[in-house]
Amino acid sequence: MVGRAVAGTLVLLTYALAPAGYHNLVAIPLGLLCLAAVPVHWGMVRLPLKPTGHAAVALASTLLDLVLAAAIVAAGLVPLIALPLFVMLPMEELAVRYHADGAIAGVLYAIVLIGYAVFRQGGPLTAATLLTAGWLFVLLLVLGSVRGVVASFNEWRAEKLTQRGEHNAAMAGQLSTLLELSREILVQRDVNDVLSSIAVGVSKIYGFKYVTICFQRGPEGDFERRVLWGFPPGIVAERTGEVIDRQSFMDALAAAEEVVDFCYYTPAEKYVAFKSEIYVGDLPRHAPRSKPGAWHERDSMVFVMTGHRDEVIGYMSVDGPFDGMVPSHETMASMQIFVNMAGLAIINAEHSIRESERARVEEDARRLQMEFLSDVSHEIRAPLATIQGASSLLESHGEELDPVRRREFLAALRDASGGLARMVEDLLLLSKLEAGHFRLSPEPVDLLAAVRDAVRSALTEHPGAPISLSLPAEPPRLVWADGQRLQQIVVNLLSNALKYAPSHSLVYVEVHADPESARVCVIDGGPGIPEHERAKLFTRFGRLSNAKVDSTGLGLYISKGLAQAMEGDLNVDSEPGAGTTFYLTLRYADAHAGPPSLETTDGTPGDDTGGSA
């Protein structure tokens, strides 16, 4: 196409610039034909055809170029010196369209045309023909070199495109696997499962033999080594769960090179010692690399896991690439994106765990509330029935009753209302304990004085009760307790013992001073508690099968809660037929390091120091 246009232009210029007498009558028609063939070729032949017809048009166009070139040479319309450039145009057309075979045909065609012109204009030995032959040879060399360079460049480019295509295909497969793994990680709800999936994914997708993941033990806390992938079993057993100091890690990280955001690479040549590192090879640090870009056993690569506010929540380190090479910048960036996504998955898992725990706590609270209301309504029903029945009879038949019968009803009213009052008081105390609104005021307390006061209170409530008090000769150290609540516990234990002990049998109160704590024991000679019923003792409304009618089932539950709130405990030893021993254990005041007051949240001791998470 280009050759045809140039040929026509060259013919017309030759005709216009030729000396007088050289003009040829066919020059103008042939030149104009060459030029006119170009728009005719596009407008009437090539454009209307479908791509399947382009090959036939290309063949016809090439033949037309060859015929026109031969006609122009045969008519002598182009000077001999210009023939090499002129015949190169259709030759190049053949080479472009038909490659190697076309190039050979084009060279032969050019030699034939120029040979014809040479013999027609005086033979091969004239100065003009020798110059034309030399000019043709130089032009062939130049065009051959240019085409060789272009062909080499095209081959190099095709190879690069092939390699890039293979790389893109591999990356597409890698990203597809990564996406599938990411979906699996995002739906997992256990942090350890998420971390294990991350380690396996990094090993398989990016080709690393060793992967270790450390995650923080709490916000801004130290790191714990949670996953070791690919390491020998001995190292896995020994190093899993290892605690890594956060500050030491951050100091080591500051000395490393940040290749991409939150991805750090430290080559062996710039080794930075880190006491928590794991090294399973035997290559000296100063050993040379096997080749440029090869991975050195002493190289270190760390990917930092970040939270929503870019805070460091953990890190992953890799070693032993299967291809033996330092990962490319692109691979590091891809790995860091995956690690960032994994960090978000871990946060999501932790959030799900917290939400599940919160929902469980709320459900337990609702269940306990319903059980509590059910138990309270059941326990209140009996004294209310007694009060209603006795008061109704006294109102309707009080004047008809004899004095003895009237006193019996009044005693029933007194006992039922007294029991109801105690139950209400216990319920108020219980609600404060379980709602976290009950406040103790623990302080150093004289245990012997508190026990004596408790015994006096019990004797006031139960005049003439057979109570034996045994105290150590040497006063024990002061205990950590709320004096009023301590007496309440001892009085409650004494009241229970007096209820279930045989008539006139002694109830023993003993105080023992042990090296670590002091104990108050209340011992009765009653029937004992069967093993299958002991679990009821310290539960809400837990009543034994032989419980007295006026027992609410709250006394021991509240007493144990008070004991634990004072950082002590309340337990029992009992054998059927051998009596029962309740023992209250209390800490010494000089062994306590907490504040002077404590507010409970669930009837158990609160935290008195901050501690690290």
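1. Examining the overall build of the protein chain
Here comes step 1: Broken down by element type, the protein chain carries 13 helices and 16 strands.
Here comes step 2: Per-residue burial over the protein chain gives 40% buried out of 613 residues.
Here comes step 3: Sequence-distant contacts in the protein chain: of pairs separated by 6 or more residues, those separated by 24 or more amount to 67%.
Here comes step 4: Of the roughly 33,500 Å² of accessible surface on the protein chain, a fraction of 60% belongs to carbon and sulfur atoms.

2. As for empty space enclosed by the protein
Here comes step 1: Using the criterion set out here, one finds three cavities of 30 Å³ or more in the structure.
Here comes step 2: Estimated volume of the largest cavity: approximately 570 Å³.
Here comes step 3: Around the largest cavity, the lining comprises 30 residues; the ones closest to its centre are Phe-274, Glu-277, Ser-300, Val-302 and Ser-317.
Here comes step 4: At the level of secondary structure, the elements contributing two or more residues to the lining of the largest cavity comprise strand E1 (208-216), helix H8 (246-254), strand E5 (263-266), strand E6 (300-306) and strand E7 (312-321).
Here comes step 5: Top element by residues in the lining of the largest cavity is E7. It accounts for four residues.
Here comes step 6: Residue composition of the lining of the largest cavity, by class: 19 nonpolar, five polar and six charged.

3. Some remarks on the sheet that holds E1
Here comes step 1: Overall, antiparallel pairing links the seven strands, which are arranged E3-E2-E1-E7-E6-E5-E4 in an open sheet. Two strands lie at the open edges of the sheet, namely strand E3 (243-244) and strand E4 (257-260), each paired on one side alone.
Here comes step 2: Strand direction decides the pairing type here: E1 and strand E2 (residues 223-229), joined by six bridges, are antiparallel. Looking at E2, one finds that Thr-212 is bridged to Leu-228.

4. Some remarks on the sheet that holds strand E13 (residues 517-524)
Here comes step 1: Strand order in the open sheet formed by five strands is E10-E12-E13-E15-E14, and the pairing between neighbours is mixed. Edge strands, defined here as strands with exactly one partner in the open sheet, are strand E10 (467-470) and strand E14 (569-574). Between one strand axis and the next, the sheet turns through 15 degrees on average, direction left out of account.
Here comes step 2: Here E14 pairs with strand E15 (residues 580-587) via six bridges, running antiparallel. What sits directly across from Asp-569, in E15, is Thr-585.
Here comes step 3: Its contacts with the sheet place helix H12 (residues 483-500) against E10, strand E12 (507-513), E13, E14 and E15, and it is angled at close to 25 degrees to E13.
Here comes step 4: Strands in contact with helix H13 (residues 555-565) are E14 and E15; relative to E14, the strand with the most contacts, it is inclined by about 130 degrees.

5. Quick look at the nonpolar core
Here comes step 1: Leu-447, Ile-467, Val-479, Leu-486, Leu-494, Val-520 and Leu-584 are the most contacted members of the largest nonpolar core, which totals 47 residues.
Here comes step 2: Those residues within four positions of Leu-486 in sequence are excluded, and the remaining contacts are Val-445, Leu-447, Ala-450, Ala-481, Met-566, Leu-584 and Leu-586.
Here comes step 3: Ranked by size, the runner-up nonpolar core spans 32 residues in total, among them Ile-198, Val-202, Phe-215 and Phe-303.

6. Here's the deal with the pattern of salt bridges
Pairing is possible between side chains that carry opposite charge, provided their charged atoms lie close to one another.
Here comes step 1: Under the criterion given, the structure shown has ten salt bridges.
Here comes step 2: Between Glu-408 and Arg-405 there is a salt bridge, with its nearest N and O atoms 2.9 Å apart. Remark: Arg-405 and Glu-408 occur in helix H10 (residues 403-435); sequence separation between them is three residues, near one turn of the helix.
Here comes step 3: Overall, the relative accessible area of 39% leaves Arg-405 in the partly exposed class.
Here comes step 4: The partner of Arg-477 in a salt bridge is Asp-590, and the shortest N-O contact between them spans 2.9 Å. With Arg-477 in the loop between E10 and strand E11 (479-481) and Asp-590 in the loop between E15 and strand E16 (598-599), the pair connects residues that are 113 residues apart, well separated along the chain.
Here comes step 5: Since its relative accessible area comes to 39%, Arg-477 is described here as partly exposed.
Here comes step 6: Bridged by salt links that share partners, the residues Arg-225, Arg-239 and Glu-242 form one connected network.

7. Things to note about the pairing of E6
Here comes step 1: Burial within E6 is extensive, with six of its seven residues counted as buried.
Here comes step 2: Pairing of E5 with E6 involves four bridges; the strand directions are antiparallel. Within E6, the position partnered with Tyr-265 by the bridge is Met-301.
Here comes step 3: As defined by bridge partners, E6 adjoins E7 across six bridges and the pair is classed as antiparallel. If you follow Phe-303 over to E7, its bridge partner there is Met-316.
Here comes step 4: If you look at the hairpin formed by E6 and E7, you'll find five residues sitting between the two strands, and Asp-310 has a positive phi there, around 65 degrees.

8. What to know about unusual backbone geometry
Here comes step 1: In this structure, Phe-262 takes a positive phi of about 65 degrees despite not being glycine.
Here comes step 2: Turning to its location among the elements, Phe-262 is positioned in the loop between E4 and E5.
Here comes step 3: Under the relative-accessibility criterion, Phe-262 is labelled partly exposed at 23%.
Here comes step 4: At Glu-567, a position not held by glycine, the phi torsion is positive, near 65 degrees.
Here comes step 5: Here Glu-567 lies in the loop between H13 and E14.

9. Let's talk about the packing of aromatic side chains
Here comes step 1: Tallied over the entire structure, the rule returns eight aromatic pairs.
Here comes step 2: With centroids separated by 4.9 Å and ring planes inclined at 35 degrees, the aromatic side chains of Tyr-210 and Phe-231 adopt a geometry described as tilted. Taken as a pair, Tyr-210 in strand E1 and Phe-231 in the loop between E2 and helix H7 (233-239) lie far apart in primary sequence, 21 residues in all.
Here comes step 3: Tyr-210 sits in the buried class, given a relative accessible area of 13%.
Here comes step 4: Taking relative accessible area as the criterion, Phe-231 reaches 12% and is therefore assigned buried.
Here comes step 5: Ring geometry for Tyr-265 and Trp-295: centres 6.2 Å apart, planes at 40 degrees, overall tilted.

10. So, the pairing of E14
Here comes step 1: Judged by which residues are buried, E14 turns out to be one-sided: Leu-570, Val-572 and Ser-574 face inward and are buried, whereas Asp-569, Asn-571 and Asp-573, on the alternate face, are not.
Here comes step 2: The hairpin turn running from E14 into E15, its antiparallel successor, is five residues long, and Gly-577 in that turn takes a positive phi close to 80 degrees.

11. Observations regarding a nonpolar patch on the surface
Here comes step 1: A cluster of nonpolar residues, Ile-81, Leu-131, Trp-135, Phe-137, Val-138, Leu-141, Val-142, Val-146 and Val-150, forms a patch on the protein surface that exposes about 800 Å² of accessible area.
Here comes step 2: Structurally, Val-150 can be placed in helix H5 (residues 127-187).

12. Structural notes on H13
Here comes step 1: Taken across its eleven residues, H13 has eight buried, putting it largely inside the fold.
Here comes step 2: Among all positions in H13, only Leu-556, Ile-558, Ser-559, Lys-560, Gly-561, Leu-562, Ala-563 and Ala-565 are buried.

13. Overview of the packing of helix H11 (residues 447-461) against H12
Here comes step 1: Where H11 meets H12, the axes come as close as 9 Å, and the angle between the chain directions of the two elements is 45 degrees. Relative to H12, the element H11 lies oblique. The handedness of the crossing between H11 and H12 comes out as right-handed. Here Leu-447, Ala-450, Asp-453, Ala-454, Val-455, Ser-457, Ala-458 and Glu-461 of H11 lie close against H12, whose contacting residues are Leu-486, Gln-487, Val-490, Val-491, Leu-494 and Ser-495.

The rules behind these values
- Residues numbered from 1 in each chain as written.
- Predicted model: local features only at pLDDT ≥ 70, side-chain atom pairs only at ≥ 80, totals over all residues.
- Heavy atoms only, no water.
- Helix = DSSP H or I, 4+ residues; strand = E, 2+ residues; numbered from the N terminus.
- Buried < 20%, exposed > 50% of the residue type's maximum accessible area, 1.4 Å probe, protein only.
- Contact = heavy atoms within 4.5 Å.
- Areas by Shrake-Rupley, 256 points an atom, 1.4 Å probe, with all protein chains shown as cover.
- 1 Å grid on protein atoms, 1.4 Å probe; cavity = no way out; pocket = protein on both sides within 12 Å on 5 of 7 lines; lining within 4 Å.
- Points joined across faces, edges and corners; volume = space filled by probe spheres on them.
- Nonpolar A, V, L, I, M, F, W, Y, C, P; charged D, E, K, R; others polar.
- Pairing = 2+ DSSP bridges.
- Axes fitted to C-alpha atoms, helices over the stretch in contact; angles between N-to-C directions.
- Core = buried A, V, L, I, M, F, W, Y, C linked by side-chain atoms within 4.5 Å.
- Salt bridge = Lys/Arg side-chain N within 4 Å of Asp/Glu carboxyl O.
- Phe/Tyr/Trp six-rings, centres within 6.5 Å; stacked < 30°, edge-to-face > 60°.
- Patch = residues over 30% accessible without salt bridge, like charges linked within 9 Å, V, L, I, M, F, W, Y side chains within 5 Å.
- Parallel < 35°, antiparallel > 145°, perpendicular 65-115°, else oblique.
- Left-handed = near helix turned anticlockwise from the far one by under 90°.

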